[in-house]
Amino acid sequence: MNLLDIFIFSVNAIMPLILIILIGYFLKQKGFLTKEFLKIGNKLVFRLCLPVLLFCNIVELDSLSGIPWMAVLYVLVIIFILIVIGFIIAKFTPDPNQKGVMMQCIFRSNFALIGVPLAELIGGSAGVTAAAILSVVTIPIYNIVAVIVLTVFKGGEASGSIKAQLKNILKNPLIIGVFSGFVVLLLKLYVADYLPQRIFSDFKFVGTTLSYISRSATPLSLIVLGGQFEFSKIKGFKKQLITGTLGRTVIAPLIGIGVAVVLNKLGILYFEPAVFAALIALFATPVAVASAIMAEEMQNDGQLAAQLVVWTSLISVFTLFIFIFLSRLFGVL
């Protein structure tokens with residue numbers, strides 16, 4: 001894999017997102033997508049498609065064995081650091097409805113959609129395996145923390161009582177999707193052997209139905225996102241866009257990848273190249289598309305969240321290339 005291949009992959013990975021967003025924007029300008037349609041589409045993605053997508057991602061795992069626990073622990077520590085950085089940025093964000101949006105932009109990457117195939121390109125089959133294992137931990141954490149953040153900051157520094165916040169968090173469709181997925185996964189791994197095998201071989205319609213719904217989540221969310229996007233709002237968000245984009249595409253990968261490289265060179269912590277491929281995919285990709293859908297549905301600043309998805313995606317075409325190049329230069333890939 002040469003550097004031109006890396007750049008071409010970055011373009012091919014990011015541009016479909018941008019193009020579908022532009023299609024949504026174009027359809028809105030031509031009157032095909034009304035405000036009412038976009039509002040209903042947002043609810044459909046948030047309350048059905050995304051929860052089913054998370055559920056399927058978890059249930060489709062074949063095993064919990066072979067997990068590189070040191071890499072998992074490292075990733076959890078880095079995510080915690082990014083959450084703290086995001087919290088500090090949120091404290092200095094004056095608009096209450098933008099606090100949670102800014103915070104999730106810092107710690108939440110588009111790992112599922114872009115990261116896993118990126119890890120495969122960089123690290124081959126070992127890279128995608130490492131990414132898949134890390135996704136079991138990181139994707140639920142991203143979604144759970146995002147729900148908490150968008151709930152707590154909505155309308156103020158800490159909106160509502162703790163009991164009310166906890167109730168809203170537990171009722172969130174994404175949280176329900178994640179935890180129900182883990183329940184079914186555990187049943188599949190540890191109980192399925194005691195059930196008649198024909199149950200799984202003959203009756204596949206439930207899994208097929210859920211698979212169809214999950215595959216609609218990304219394109220539908222991008223079209224809705226494009227319909228909500230307004231270029232005229234860029235000036236009003238200039239400071240937030242610069243801060244969020246730098247935080248997501250520069251600061252997060254510098255910490256997540258840079259610390260691992262330093263620890264590796266010092267002999268304190270050693271990761272295989274496949275793990276470094278997964279770390280790049282985890283920390284250097286743009287903010288998750290779902291972050292904008294969630295922000296809009298949970299009464300945060302959905303317009304700012306949509307802008308951040310677009311601009312972090314555009315800038316990451318170049319920053320991904322830079323971080324992969326530097327990783328190869330330092331000999332960790």
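Keep in mind it's a predicted model, so treat the numbers as computed, not measured.

### Overview of the overall build of the protein
Link 1 in the chain: Regarding its fold elements, the protein presents 13 helices and zero strands.
Link 2 in the chain: Listing every helix and strand of the protein by position from the N terminus yields α-α-α-α-α-α-α-α-α-α-α-α-α.
Link 3 in the chain: The proportion of buried residues among the 333 residues of the protein is 48%.
Link 4 in the chain: Excluding contacts between residues fewer than 6 apart, the proportion of contacts in the protein whose partners are at least 24 apart in sequence is 85%.

### Looking at unusual backbone geometry
Link 1 in the chain: You will see that Q299, though not glycine, has its phi angle at about 60 degrees, which is positive.
Link 2 in the chain: Tracing the backbone shows Q299 in the loop between α12 (290-297) and α13 (302-329).

### Notes on a nonpolar patch on the surface
Link 1 in the chain: The grouping of M70, L73, V77, F80, I81, V84, F87, I88 and F92 at the surface amounts to a nonpolar patch, some 870 Å² of accessible area in total.
Link 2 in the chain: Locating M70 in the fold gives a position in helix α3 (residues 69-91).
Link 3 in the chain: The partly exposed category is assigned to M70, whose relative accessible area is 46%.

### Concerning the packing of α3 against helix α11 (residues 273-283)
Link 1 in the chain: Direction vectors running N to C along α3 and α11 enclose 25 degrees, while the axes themselves pass 12 Å from each other. Our classification of the angle between α3 and α11 gives roughly parallel. Judged by the sense of rotation from one axis to the other, the crossing of α3 with α11 is right-handed. Counting all contacts with α3, which are made through A71, Y74, V75, I78, I79 and L82, the residues of α11 involved are V275, L279, L282 and F283.

### Focus on the side chain of E297
Link 1 in the chain: In this fold, E297 is placed in helix α12.
Link 2 in the chain: Of the polar contacts made by the side chain of E297, one reaches the side chain of K43; its length is 3.4 Å.

Thresholds applied
Residues numbered from 1 in each chain as written. Predicted model: local features only at pLDDT ≥ 70, side-chain atom pairs only at ≥ 80, totals over all residues. Heavy atoms only, no water. Helix = DSSP H or I, 4+ residues; strand = E, 2+ residues; numbered from the N terminus. Buried < 20%, exposed > 50% of the residue type's maximum accessible area, 1.4 Å probe, protein only. Contact = heavy atoms within 4.5 Å. Patch = residues over 30% accessible without salt bridge, like charges linked within 9 Å, V, L, I, M, F, W, Y side chains within 5 Å. Areas by Shrake-Rupley, 256 points an atom, 1.4 Å probe, with all protein chains shown as cover. Salt bridge = Lys/Arg side-chain N within 4 Å of Asp/Glu carboxyl O. Axes fitted to C-alpha atoms, helices over the stretch in contact; angles between N-to-C directions. Parallel < 35°, antiparallel > 145°, perpendicular 65-115°, else oblique. Left-handed = near helix turned anticlockwise from the far one by under 90°. Polar contact = N/O pair within 3.5 Å; in protein donor to acceptor, adjacent residues only side chain to side chain.

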